[in-house]
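Spelled out from the first residue to the last, the chains are:
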There are 4 protein chains.
Amino acid sequence: MDRGRLEAFSDGVMAVAITLLALNLTVAGPGHGSLLNQLYLHWPAFLGYLISFLTVGIIWVNHHVLVMSITRVDRILLFANLMFLLFVVLIPFGTATATDYLPGNSRDARLAMVLYAGICLGMSAGFGAIFECTLHGERVSRPLPPEQHWAARRRFVGGSLVYVAAIVIAVFSAIAALALIGLVGVYYIFERLPASAGDVAEADSDTK
Amino acid sequence: MDRGRLEAFSDGVMAVAITLLALNLTVAGPGHGSLLNQLYLHWPAFLGYLISFLTVGIIWVNHHVLVMSITRVDRILLFANLMFLLFVVLIPFGTATATDYLPGNSRDARLAMVLYAGICLGMSAGFGAIFECTLHGERVSRPLPPEQHWAARRRFVGGSLVYVAAIVIAVFSAIAALALIGLVGVYYIFERLPASAGDVAEADSDTK
Amino acid sequence: MDRGRLEAFSDGVMAVAITLLALNLTVAGPGHGSLLNQLYLHWPAFLGYLISFLTVGIIWVNHHVLVMSITRVDRILLFANLMFLLFVVLIPFGTATATDYLPGNSRDARLAMVLYAGICLGMSAGFGAIFECTLHGERVSRPLPPEQHWAARRRFVGGSLVYVAAIVIAVFSAIAALALIGLVGVYYIFERLPASAGDVAEADSDTK
Amino acid sequence: MDRGRLEAFSDGVMAVAITLLALNLTVAGPGHGSLLNQLYLHWPAFLGYLISFLTVGIIWVNHHVLVMSITRVDRILLFANLMFLLFVVLIPFGTATATDYLPGNSRDARLAMVLYAGICLGMSAGFGAIFECTLHGERVSRPLPPEQHWAARRRFVGGSLVYVAAIVIAVFSAIAALALIGLVGVYYIFERLPASAGDVAEADSDTK
């Protein structure tokens, strides 16, 4: 089974999800106060759009790189990918809910941010599941040697841990948790996940 | 005619349909009671999202496998595929309607679930129509021998029969019918439809 | 310039447009009368969904066949294709507006149906513009001999003329015009447009 | 890394964004005055649809041509492309907001048009960033000689400057700014951006 349609379907879902983010940006229009005021009151929605667009965009780039190393697509990999997409599709809902309750820090605002960070964590875990698939079953052309599996996982758990931290922070401050999720996005513009066996091997030998 | 655009269009439709499922998840937002309560009252919508995502995801996997065996795309096959997509596109509508009337078991809740299960049955029948196309007219590279056609159909009718059962159950209990549809999804994560002639032949010889 | 992305973009737009058709199907939900009654009152929306799905599905099939014969994509062809897509994207809007005013035959119902038939005509004309492109400028591998251009155009004008007829009929009866548009769809399941030079040549020699 | 998925994802996002433009066209339906009057009152929405469809359609054509010259896709290029798509996705929101406040020339109408022209400028700047990527780092097969970089940039800054002009004009007249943005679209149907090194070189030698 070739990986072409896996990529096509995933690209389709991510493209639709990233575009639906903009549906959260509507303003009420004429007769609901000045437009400047309406836009100002919606600043959390615009910030949320930026952060979620960046988050989905980066996960798309990483998905792109990760899947490229795959040579054999089987049923387990397809379902790991579906689990990943299940959370990608929830991102617009999570973003809308979280930013609706901002800028306050009410109990609901914090709960909404826990939900949003949880969706990000689910997406990250789904990506980790795809990565885990690449470690086993001869699905990639250059498999990672078993002694490097834990080093590679640590790097991934590291990435997901930031979203765990965002959930914990969201219990206290919604906006601080959102800022952290945004920083993850900015960080990954400059850095990148070890996407293929070769990269991890290189990275591993770099740190020795 | 190559099968590339058949796959691209089908992937596009399924990707959009699966992403539109999340549009059913909106909560009313600030000023409509606590968020926890709003999310709690929407639990059928979240359950429906999970089940429909799984259902469409699995049918995508099976469509993927089935179409891969096709070497000649003609007009009949294209329209069988359109009939299949007609029901795929109805899934978000069916899910929204069915879960709106849950968790009660009112007459409307049961009718809505009959509708939803009927849409799933239509999708399954459309998939069966594509499969039927692969049995005739030299559309696949390794055609199934005629004496195995009925065995293959039985396997497919078996799959669709679960949705017939869900319609019957929905007449009495909406939530039980939804649970059955969800179980179909969970079952297919582990099992799989006989997708190509070779698979059916193998499966057939296995049972002898 | 290859035709791959022309196909990918067109497939994407048609896939999204065909899926958005289902957004017109929402019922108001609990507390707005019995579901059966709500569904019954919405029967024009369901009929419209069927007809528009069929109409877009068929034009996708024909677009598929037509573009396959193209070997050179230039700017004129790209804009002819954009003009075609401009009307495809309007189909969900046209369907929603036309079926909202049914089943009555009020002045507004007839105007809405004129609008819908007009959008179908625009789509058909856009398709005709792409076809016209294939007659000139060495864009296809097997160009149609000039003496057959008018025969081929007549066949296409014939197809568009049905939509002109639908506009005229809509001035008197909205539902009759919708029925005609539906019949076009049913007709094209069994027949097909002359899509490539070879087909027209064959068809032409058949009628001699 | 191949450019296939960059194209697929970009095509997906642009296809969805261009299709979502039609969501702005809904009329209120029966019981809200005559349909003719409703359509008439919505004429700015229809004009906005036309102009934004043309604008996104043209940028898709130019993106198509530009990316075709790229042979090596790296992380910087992927993020330039994401920045471009960030603004493409905002186009339906910008169009809806700008045309909601038309045809008047209130302070809000002018602000909304500044916002819309700003989104167009952002899209144009994002496209410029992708173009800038093609000038460096051996990402294209036929790189442009350094002495022609500024000539090529001038052509691009020229294109973006029209959107800067639209922002300035929008401060005084919303409708005049919209007309200018529409003219850009009409202009590019006939002209085209220098998309590859070879084109710029040709264009450059033409003007000598």
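Residues numbered from 1 in each chain as written. Chains lettered and ligands numbered in written order. Predicted model: local features only at pLDDT ≥ 70, side-chain atom pairs only at ≥ 80, totals over all residues.

Attention now goes to the overall build of chain A. Of the regular secondary structure elements, chain A holds eight helices and zero strands. In chain A, the succession of α and β elements from N to C terminus is α-α-α-α-α-α-α-α. With 208 residues in all, chain A has 49% of them scored as buried. Long-range contacts, defined as pairs at least 24 residues apart, comprise 81% of the intrachain contacts of chain A with a sequence gap of at least 6. (Helix = DSSP H or I, 4+ residues; strand = E, 2+ residues; numbered from the N terminus. Buried ≥ 20, exposed ≤ 12 C-beta atoms within 10 Å, placed from the backbone. Contact = placed C-beta atoms within 7 Å.)

Now for the interface of chain D and chain A. Contact residues are listed per partner, giving 25 residues for chain D and 27 residues for chain A. Those elements that provide at least two residues to the side of chain D that touches chain A are α1 (4-20), α4 (75-100) and α5 (107-135) of chain D. Looking at the side of chain D that touches chain A, the element that brings in the most residues is α4 of chain D, giving 12 residues. Grouping the amino acids of the side of chain D that touches chain A by side-chain chemistry returns 19 nonpolar, two polar and four charged. (Nonpolar A, V, L, I, M, F, W, Y, C, P; charged D, E, K, R; others polar.)

Expressed as a screw transformation, the operator carrying chain D onto chain A has a rotation angle of 90° and an axial translation of 0.0 Å, and the superposed copies differ by an RMSD of 0.0 Å. Such values leave the two copies arranged in the relation of a four-fold axis. In this assembly the copies use different faces: only 12% of the residues contributing to the interface of chain D also contribute to that of chain A. (Least-squares fit on C-alpha atoms with pLDDT ≥ 70 in both.)

Take the confidence of the model for chain A next. Low pLDDT means the predicted coordinates in that region are not meant to be read closely. Averaged over all residues, the pLDDT of chain A equals 84, while 89% of them reach at least 70. In the predicted assembly, ipTM is 0.84 and pTM is 0.87. (pLDDT = per-residue confidence, 0-100.)

On to unusual backbone geometry, then. Leave glycine aside and you will find that most residues have negative phi; peptide bonds, for their part, are mostly trans. Pro103 of chain A follows Leu102 of chain A through a cis peptide bond whose omega is 5°. On the secondary structure map, Pro103 of chain A appears in the loop between α4 (75-100) and α5 (107-135).

At a minimum axis distance of 9 Å, the contact between helix α1 (residues 4-20) of chain A and α1 of chain D shows a crossing angle of 40°. The orientation of α1 of chain A with respect to α1 of chain D, classified from their angle, is oblique. For the element pair α1 of chain A and α1 of chain D, the recorded crossing hand is right-handed. Side by side, α1 of chain A and α1 of chain D meet where Glu7, Ala8, Asp11, Gly12, Met14, Ala15, Val16, Ile18 and Thr19 of chain A of the first sit next to Arg5, Ala8, Phe9, Gly12, Val13, Val16, Ala17 and Leu20 of chain D of the second. Classifying every residue of the contact of α1 of chain A with α1 of chain D gives 11 nonpolar, three polar and three charged. (Axes fitted to C-alpha atoms, helices over the stretch in contact; angles between N-to-C directions. Parallel < 35°, antiparallel > 145°, perpendicular 65-115°, else oblique. Left-handed = near helix turned anticlockwise from the far one by under 90°.)

Counting residues at the interface gives 25 residues for chain A, matched by 27 residues for chain B. Counting only elements with at least two residues in the side of chain A that touches chain B, the list comes to α1, α4 and α5 of chain A. Examining the composition of the side of chain A that touches chain B, we find that 12 residues originate from one element, α4 of chain A, more than from any other. Of the residues in the side of chain A that touches chain B, the class split is 19 nonpolar, two polar and four charged.

All right, on to the relation of the copies chain A and chain B then. Least-squares fitting of chain A to chain B yields an RMSD of 0.0 Å, with the superposition described by an axial translation of 0.0 Å and a rotation of 90°. Of the interface residues in chain A, just 12% have counterparts in chain B that sit at the interface too, so the contact is made through distinct surfaces.

To continue, consider the environment of Arg72 of chain A. All names here are of chain A. As for its placement among the helices and strands, Arg72 is situated in the loop between α3 (43-68) and α4. With 65 residues separating them in the primary sequence, Arg72 and Glu7 have C-alpha atoms 13 Å apart. Setting aside its immediate chain neighbours within four residues, Arg72 contacts Glu138 and Arg139.

Its 29 residues give helix α5 (residues 107-135) of chain C an end-to-end C-alpha distance of 41 Å, which sits within 8% of 42 Å, the value for a rise of 1.5 Å per residue. Looking one or two places after α5 of chain C, you find Gly137 of chain C, whose phi comes out positive at around 70°. (Expected span 1.5 Å × (residues − 1).)

For an α-helix the count is 3.6 residues per turn, leaving residues at separations of three or four pointing the same way. The terminal C-alpha atoms of α4 of chain A lie 38 Å apart, and with 26 residues this matches the ideal 38 Å at 1.5 Å per residue to within 8%. The largest bend in α4 of chain A amounts to roughly 35° and is located at Ile91 of chain A, with the proline Pro92 of chain A lying one to four residues further along. (Bend = angle between axes of the 7 residues up to and from the residue.)

Another point: the environment of Thr55 of chain C. Residues and elements named next belong to chain C. Following the sequence through the fold, Thr55 ends up in helix α3 (residues 43-68). Classification of Thr55 as buried rests on a count of 25 C-beta atoms within 10 Å. For the pair formed by Thr55 and Pro30, sequence separation is 25 residues and the distance between their alpha carbons is 33 Å. Each residue touching Thr55, except ones within four places of it in the same chain, is listed here: Cys120, Ile181 and Gly185.

Val88 of chain A, Val88 of chain B, Val88 of chain C together with Val88 of chain D are the most contacted members of the largest nonpolar core, which totals 277 residues. When residues in this core are grouped by element, the largest group, 15 residues, is from helix α4 (residues 75-100) of chain B. With near-sequence residues (within four places) excluded, Val88 of chain D lies in contact with Val13, Met14, Ala17, Val56 and Met123 of chain D. (Core = buried A, V, L, I, M, F, W, Y, C linked by C-beta atoms within 7 Å.)

Residues and elements named next belong to chain B. Between helix α5 (residues 107-135) and helix α7 (residues 174-190), whose axes approach to 9 Å, the crossing angle comes to 20°. Here α5 is positioned roughly parallel relative to α7, judged by the angle of their axes. Taken as a pair, α5 and α7 cross one another with a handedness that is left-handed. Here Ala109, Arg110, Met113, Ala117 and Cys120 of α5 lie close against α7, whose contacting residues are Ala174, Ala177, Leu178 and Ile181. Class assignment for the residues of the contact of α5 with α7 results in eight nonpolar, no polar and one charged.

Inspection of the secondary structure assignment puts Gly128 of chain C in helix α5. For Gly128 of chain C and Tyr116 of chain C, which are 12 residues apart along the polypeptide, the C-alpha to C-alpha distance reads 18 Å.

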